[in-house]
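The residues making up each chain are set out below.
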Amino acid sequence: MLKNIIVTGGAGFVGSNFVRYVINNHPEVNIIVLDKLTYAGNRANLVGLPQNRVRLVVGDICNKELVDKLVSKTDAVVHYAAESHNDNSLLNPDPFIQTNIVGTTVLINACRKYNVRYHHISTDEVYGDLPLRKDLPEHGKGKGEKFTSDSPYRPSSPYSSTKASSDLLVRAWIRSFGLRATISNCSNNYGPFQHIEKFIPRQITNILSGIRPKLYGTGKNVRDWIYTDDHSSAVWKILTEGKIGETYLIGSDGERDNKEVLELILRIMGKPSNAYDQVKDRPGHDLRYGIDATKLRKELGWRPKHTDFKLGLKSTINWYTEHENWWSAEKDIVESKYAKNGQ
Ligand code: NAD
Ligand code: DAU
């Protein structure tokens, strides 16, 4: 049974939601959050959690000595820490290579040394993109329509290629060194505590700040949205019941194009659904992601709970409305960076 776990990147969006999920649902578990507190990490994401069960260690996953010391005393490592934003990776890939590739190597070396259980958090983006549904040949239905754990690796951006590299390192450490590891590749998360550089929170906080939302290109690109708590329950399931060496895809059948999502946000917030600007598209912009989570559902019996997207979006909008203090200081910085880039 797992009693002490390390959650890297636990002060970021998805990691802090996982920490909260574990604390609320598994009273026997204590957590060390190892987080560098980059621009995306925030102590406030852990506020309200019991201090006797959650300890934040501010540090870099690339720091071998620190990682060795922490890993030597833990039952498991759940690795969320990453540079996570595609647009940033297009401006400067260097920190992505350092944290996502070098940092992962430091962690898996330490887990190998102390025979510690390791779970690797990855993304559906390692598989590249899919054609839009309307462009799929009728006979292709069911095959190649969605990503599975057998899909080939075809990453497009500096971000996704560093995540793909880290997945491959984990696979090699499992096979060559017997690392006790699992990997999960999840689709786009939404919910509270997501940095306002990302699509959904950027548009919500734009509207709250009197700025027109910004849609890249025509908005035809499709993302497969999952409420972040469902990602957390899936990761816990894999960590505790998953088969060592396996890769599980996490998704909850939430495919929607960006234009549709933006129009829904505008309608929920009482604005005309065309009150947005179309801006410069992202270079190399992946067209569509779609997850086939059959393996996770069938083999581990996982089910998502928050499958009503409109409801999830409403509660996310409420959260940003009620937590202006959490994001307002960052707003100008984020928007001026986008403006410089024509977005
Ligand atoms: P985020 O940017 O919100 O958080 C990343 C966290 O990692 C921050 O707290 C940051 O301070 C920390 N960090 C960065 N570099 C570090 C380093 N060198 N050492 C220690 N800590 C460091 O990212 P997120 O959206 O929460 O994503 C977390 C993980 O989940 C990533 O691995 C990402 O690839 C994966 N993921 C995210 C999504 C999504 O939709 N957000 C979907 C699938 C997978
Ligand atoms: O698929 C999982 C991935 O989802 C994670 O691995 C990444 O860490 C996470 O950031 C996310 O990547 P995306 O690039 O899909 O997310 P982002 O929120 O940046 O953009 C979502 C879509 O919205 C994408 O098609 C680009 C578009 N977009 C984004 C922004 C910021 C806009 O149209 N306007 C915007 O202002």
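Located above this text is the structure these notes cover.
Residues numbered from 1 in each chain as written. Chains lettered and ligands numbered in written order. Predicted model: local features only at pLDDT ≥ 70, side-chain atom pairs only at ≥ 80, totals over all residues. Heavy atoms only, no water.

I keep staring at the site of ligand 2 and nothing clicks. Help me out?
The full set close to ligand 2 counts 25 residues, and Asp-124, Tyr-159, Arg-202, Arg-282 and His-285 are the nearest of them. A distance of 2.8 Å separates an oxygen atom of ligand 2 from a polar backbone atom of Ser-84. The side chain of Asn-86 places a nitrogen or oxygen atom 2.9 Å from an oxygen atom of ligand 2. Considering ligand 2 on its own, with 690 Å² of exposed area, one finds that the protein chains cover 95% of that surface. (Near = heavy atom within 4 Å. Polar contact = N/O pair within 3.5 Å; in protein donor to acceptor, adjacent residues only side chain to side chain. Areas by Shrake-Rupley, 256 points an atom, 1.4 Å probe, with all protein chains shown as cover.)

What exactly am I supposed to notice about the packing of helix 6 (residues 199-208) against helix 10 (residues 309-322) here?
Helix-helix packing: each pair is described by the crossing angle between the helix axes and the interaxial distance. Where helix 6 meets helix 10, the closest approach of the two axes is 10 Å, and the angle between their N-to-C directions is 55°. Considering their axes alone, helix 6 and helix 10 lie oblique with respect to each other. For the pair helix 6 and helix 10, the crossing hand works out as right-handed. Residues Ile-200, Pro-201, Ile-204, Thr-205 and Leu-208 of helix 6 form the contact with helix 10, whose own contacting residues are Phe-309, Leu-313, Thr-316, Ile-317, Tyr-320 and Thr-321. (Axes fitted to C-alpha atoms, helices over the stretch in contact; angles between N-to-C directions. Helix = DSSP H or I, 4+ residues; strand = E, 2+ residues; numbered from the N terminus. Parallel < 35°, antiparallel > 145°, perpendicular 65-115°, else oblique. Left-handed = near helix turned anticlockwise from the far one by under 90°. Contact = heavy atoms within 4.5 Å.)

What should I look at first to understand the site of ligand 1 in this one?
Taken together, 28 residues surround ligand 1, and among them Val-14, Asp-35, Ser-84, Tyr-159 and Lys-163 come closest. At 3.4 Å, a backbone N or O of Leu-37 approaches an oxygen atom of ligand 1. At 2.6 Å, a side-chain N or O of Tyr-159 approaches an oxygen atom of ligand 1. When isolated, ligand 1 has an accessible area of 830 Å², and the protein chains bury 97% of it. Contributing elements (two or more residues each) for the shell around ligand 1: helix 1 (13-25), strand 5 (117-123) and helix 5 (158-177). The biggest single contributor to the shell around ligand 1 is strand 5, with 3 residues. Looking at the shell around ligand 1 residue by residue, the class counts come to 12 nonpolar, 12 polar and 4 charged. (Nonpolar A, V, L, I, M, F, W, Y, C, P; charged D, E, K, R; others polar.)

Would you explain the state of the cysteines in this entry?
Formally, a disulfide is one covalent bond, and it connects the sulfur atom of one cysteine to the sulfur atom of another. Applying the stated criterion across every chain, the model contains 0 disulfides. No disulfide involves Cys-62; its sulfur sits 15 Å from the nearest other cysteine sulfur, which is in Cys-111. The class for Cys-111 is buried, based on a relative accessible area of 1%. (Disulfide = S-S within 2.5 Å. Buried < 20%, exposed > 50% of the residue type's maximum accessible area, 1.4 Å probe, protein only.)

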